[in-house]
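The chain contents come next:
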2 protein chains.
Amino acid sequence: MRRAILDKNDRLAERNRGFFRARGLLVLNFLSSPGSGKTTFIRESVRRLAPDLKTGVIVGDLATDNDAQRLRESGAPVVQITTGTVCHLEAEMVARAIKQLDLAGLKLLIIENVGNLVCPASYDLGEDLRIVLLSVTEGEDKPLKYPPMFQSADVVIISKLDLAQACGYDREAALANIRRVAPKARVFETSAKTGQGLDAWREFLLQQQQERKALDSPA
Amino acid sequence: MRRAILDKNDRLAERNRGFFRARGLLVLNFLSSPGSGKTTFIRESVRRLAPDLKTGVIVGDLATDNDAQRLRESGAPVVQITTGTVCHLEAEMVARAIKQLDLAGLKLLIIENVGNLVCPASYDLGEDLRIVLLSVTEGEDKPLKYPPMFQSADVVIISKLDLAQACGYDREAALANIRRVAPKARVFETSAKTGQGLDAWREFLLQQQQERKALDSPA
């Protein structure tokens, strides 16, 4: 049963992917624990990208539109998906949400998944890059304890570095654990509060979008 | 399908509950996001309870026995459940884990669930009390954004209060949100690092255990 649901999701995710490619859209799927700072990080990213890259955001939550409201402060169009009791976003939910976005001129689509370090790892949404956040407050061993999520990451964002000292964050241990589980993932060390690391992240996205927009086939 | 799984789980949870009652065991199910401090809080609780209440611990994780090792520092017997890709503990897993615990003289059983603020809410394990942790680093709106978990809580533990100032934690907002979603839950404001709030928590558990051990029927 679960297998059938995942098979169906995988097909719809590929349809999303083809659609995004035809549009030259770079699509990011943001995943993490609840409270690791996804919304703030996305809001600050969009602010910094706004002059160069028109960005839309789709945000998933079990309940409330708190995050959507906070994200609108960035000036980007935001569509909220309320999942009720469902612990992850699915490709079909994203396909429906897209209908509510004005795609004209859009270059970047950011999807903020439900805060959950387990289940969303199994659901492809058709994204180009999977971005997993790890806050310094969560403990350095999380990549080892939640391997499916971190193994699936193209990028790992270490967030809330401004709290590193207060938490006794062990940078070497965290980086070693990420490398062990996700050796190919790009790692950015950031604080959305102080702006640390956000310029490098911005440059990375601009470059990724340049590469994406040259695609003229679904392959 | 999901309904059938939950029905089966609910039956096995009641069997666990009857077993625990016959043994005079007080059983706690600890739930929270990854990284909110469950393991440290449980370790410090067990240390403080050790002179009065013999305690056993069952700990669930997708991978690694890091938490089990840290919990053994408390001196309590610890059984690890490794769930692989399963995002929650089920009553049947707990029933099997019990076989590995020496129950003689045991008065308190603490179950540390998989770090996940969504799915474990649906799975009764046969516990007496459901304990949900909310770390001050996670943001005050989590009870509103993850209502099924907080609605199911008998107790909400606010953890990592030592980081409150560094995080700009808004105590009034957090307490108001908890009261809104879980008006009947007991709330303890704690720091496992400084010991704040742990005496009140200890007294609460001793009293709960006194009440439980008087039961002489499964009702």
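What counts and how
- Residues numbered from 1 in each chain as written.
- Chains lettered and ligands numbered in written order.
- Predicted model: local features only at pLDDT ≥ 70, side-chain atom pairs only at ≥ 80, totals over all residues.
- Heavy atoms only, no water.
- Least-squares fit on C-alpha atoms with pLDDT ≥ 70 in both.
- Contact = heavy atoms within 4.5 Å.
- Buried area = accessible area lost by both parts, 1.4 Å probe.
- Salt bridge = Lys/Arg side-chain N within 4 Å of Asp/Glu carboxyl O.
- Helix = DSSP H or I, 4+ residues; strand = E, 2+ residues; numbered from the N terminus.
- Phe/Tyr/Trp six-rings, centres within 6.5 Å; stacked < 30°, edge-to-face > 60°.
- Buried < 20%, exposed > 50% of the residue type's maximum accessible area, 1.4 Å probe, protein only.
- Axes fitted to C-alpha atoms, helices over the stretch in contact; angles between N-to-C directions.
- Nonpolar A, V, L, I, M, F, W, Y, C, P; charged D, E, K, R; others polar.
- Pairing = 2+ DSSP bridges.
- Core = buried A, V, L, I, M, F, W, Y, C linked by side-chain atoms within 4.5 Å.

### Here we look at the relation of the copies chain A and chain B
Part 1 of the reasoning: Of the transformation superimposing chain A on chain B, the axial component is 0.0 Å and the angular component is 180°, with the fit at an RMSD of 0.0 Å. This pairing of chains is accounted for by a two-fold axis.

### Things to note about the interface of chain A and chain B
Part 1 of the reasoning: Contact with chain A, which involves 32 residues of that partner, is made by 32 residues of chain B.
Part 2 of the reasoning: Buried area between chain A and chain B, both sides added, is near 2,600 Å², and the carbon and sulfur share of it is 61%.
Part 3 of the reasoning: Applying the counting criterion to the chain A and chain B interface returns four salt bridges.
Part 4 of the reasoning: A salt bridge links Asp 61 of chain A to Lys 145 of chain B; the shortest N-O distance between them is 3.9 Å.
Part 5 of the reasoning: Of all the secondary-structure elements, those providing two or more residues to the side of chain A that touches chain B are helix 3 (66-72), helix 5 (142-145), helix 6 (147-151) and helix 7 (164-167) of chain A.
Part 6 of the reasoning: When residues of the side of chain A that touches chain B are assigned to their parent elements, the largest contribution, three residues, is made by helix 5 of chain A.

### Examining the packing of aromatic side chains
Aromatic ring pairs are reported here in terms of the distance separating the ring centres and the angle at which the planes meet.
All names here are of chain A.
Part 1 of the reasoning: Going through the model one piece at a time under the given rule, you end up with 14 aromatic pairs over all chains.
Part 2 of the reasoning: With a centroid separation of 5.5 Å and an interplanar angle of 70°, the aromatic rings of Phe 188 and Trp 201 are classed as edge-to-face. Of the two residues, Phe 188 sits in strand 7 (residues 186-189) while Trp 201 sits in helix 9 (residues 198-213), which places them 13 residues apart along the sequence.
Part 3 of the reasoning: With relative accessibility at 1%, the residue Trp 201 sits in the buried group.

### Section: the packing of helix 1 (residues 2-23) of chain A against helix 4 (residues 91-98) of chain A
All names here are of chain A.
Part 1 of the reasoning: The N-to-C vectors of helix 1 and helix 4 enclose an angle of 35°; their axes lie 8 Å apart at closest approach. On helix 4, the residues that touch Lys 8, Asn 9, Leu 12, Ala 13, Asn 16, Phe 19 and Phe 20 of helix 1 are Ala 91, Glu 92, Val 94, Ala 95 and Ile 98.
Part 2 of the reasoning: Grouping the amino acids of the contact of helix 1 with helix 4 by side-chain chemistry returns eight nonpolar, two polar and two charged.

### A few points about the sheet that holds strand 2 (residues 55-61) of chain A
All names here are of chain A.
Part 1 of the reasoning: Across the sheet, which stays open at both edges, the seven strands sit in the order 3-2-4-1-5-6-7 with parallel pairing between neighbours. Both outer strands of the open sheet, strand 3 (78-82) and strand 7, are each paired with one neighbouring strand and no more. If you compare each strand with its neighbour and ignore which way they point, the axes differ by 20° on average.
Part 2 of the reasoning: In the sheet, strand 5 (residues 129-135) pairs with strand 6 (residues 155-159) via five bridges, with the strands oriented parallel. Across the sheet, residue Ser 135 finds its bridge partner in strand 6, namely Ser 159.
Part 3 of the reasoning: Contacting strand 1 (26-31), strand 2, strand 4 (108-112), strand 5 and strand 6, helix 2 (residues 38-49) crosses the sheet at an angle of about 170° to strand 4.
Part 4 of the reasoning: Where helix 4 meets the sheet, its contacts fall on strand 2, strand 3 and strand 4, and the angle it forms with strand 3 comes to roughly 140°.

### Points about the nonpolar core
Part 1 of the reasoning: Phe 150 of chain A together with Phe 150 of chain B are the most contacted members of the largest nonpolar core, which has 56 residues in total.
Part 2 of the reasoning: Counting only elements with at least two residues in this core, the list comes to strand 5, helix 6, strand 6 and helix 8 (171-181) of chain A together with strand 5 (129-135), helix 6 (147-151), strand 6 (155-159) and helix 8 (171-181) of chain B.
Part 3 of the reasoning: Not counting residues up to four positions away in its chain, the partners in contact with Phe 150 of chain B are Leu 117, Val 132, Leu 134, Lys 142, Pro 143, Val 156, Val 181 and Ala 182 of chain B.

### Quick look at unusual backbone geometry
Residues and elements named next belong to chain B.
Part 1 of the reasoning: Backbone geometry at Thr 64 places phi at a positive 75°, although glycine is not the residue there.
Part 2 of the reasoning: Within the element layout of this structure, Thr 64 appears in the loop between strand 2 (55-61) and helix 3 (66-72).
Part 3 of the reasoning: For Thr 64, a relative accessible area of 25% corresponds to the partly exposed category.
Part 4 of the reasoning: Although it is not a glycine, Lys 160 adopts a positive phi angle of roughly 60°.
Part 5 of the reasoning: Locating Lys 160 in the fold gives a position in the loop between strand 6 and helix 7 (164-167).
Part 6 of the reasoning: Assessed through its relative accessible area of 18%, Lys 160 is described here as buried.

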